[in-house]
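Notes for the structure review
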Amino acid sequence: MKCPYCGEDDTRVIDSRPADENMSIRRRRQCDKCQKRFTTYERVEAIPLVVIKKDQTREPYDRTKIEKGLFRSCHKRPVSVPQMNHLVDQVEAKVFSKEEREIPSSYIGELVMQYLEELDAVAYVRFASIYREFKDVDTFMEELKKILDK
C-alpha cells in the first residue's frame, strides 16, 4: 500500500479489525519512511454492476454518488455520518442481493428515498426534490402532502 503522504511503497499494518458489521476490514497502517499513519478499508469485491441512467446510458456503479446526494440532502439535519453510511450500506445490500449485472438508476434512487424517509423527513423531501425533478411548487406540495398524511 502506497503512503498517501510521501508516496513510499513500504507501509506496514499496525492494527486490523472488522468494520461495517463484519462487511469490511479496517487497517491502520504506518509508513516506514515518514512514520505517518493512515487508515485503509478492505471490502469484498462484488460482481461488477452497471447502472442504467434515465437517458439509457450506462456507467459503472459508484457508491460515492449515493453518498454525495445523501450528504447534500442531510446538510444541517440531525443525521450522523454513521447513519448515512448505514443507509448507503442498506441500499448496496439490496442492490447487490438482486445479483443482476445491470440495474436502473431509478431503482437505486427509490431505495435511497425509501430508507431516507424513515430516517429524516426533511432530508427525504430534499432528496426527492432533486431526484424526482419537481418542475413546480404543486408537484413539490403533492410530495409534502404524502408525508403529512402518513
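Here the structure is shown first, and the text comes after it.
Structural notes, computed from the coordinates. (Residues numbered from 1 in each chain as written. Predicted model: local features only at pLDDT ≥ 70, side-chain atom pairs only at ≥ 80, totals over all residues. Heavy atoms only, no water.)

**Details of the pattern of salt bridges**
For the structure on display, the rule yields 11 salt bridges. Between Asp-32 and Arg-12 there is a salt bridge, and its shortest N-O distance comes to 2.9 Å. With a gap of 20 residues between them, Asp-32 in the loop between strand S2 (24-31) and strand S3 (37-43) and Arg-12 in strand S1 (residues 11-19) connect regions that are remote in the sequence. By relative accessible area, which is 38% here, Asp-32 ends up partly exposed. The class for Arg-12 is partly exposed, based on a relative accessible area of 40%. Of the charged contacts in the structure, one is a salt bridge between Lys-65 and Glu-59, with a shortest N-O distance of 2.6 Å. (Salt bridge = Lys/Arg side-chain N within 4 Å of Asp/Glu carboxyl O. Helix = DSSP H or I, 4+ residues; strand = E, 2+ residues; numbered from the N terminus. Buried < 20%, exposed > 50% of the residue type's maximum accessible area, 1.4 Å probe, protein only.)

**A look at the packing of helix H1 (residues 63-73) against helix H3 (residues 105-119)**
Here H1 crosses H3 at 35 degrees, and the two axes come no closer than 12 Å. Between H1 and H3 lies a crossing of right-handed hand. Residues Ile-66, Leu-70 and Ser-73 of H1 form the contact with H3, whose participating residues are Ile-108, Val-112 and Leu-116. Taken together, the residues of the contact of H1 with H3 sort by class into 5 nonpolar, 1 polar and no charged. (Axes fitted to C-alpha atoms, helices over the stretch in contact; angles between N-to-C directions. Left-handed = near helix turned anticlockwise from the far one by under 90°. Contact = heavy atoms within 4.5 Å. Nonpolar A, V, L, I, M, F, W, Y, C, P; charged D, E, K, R; others polar.)

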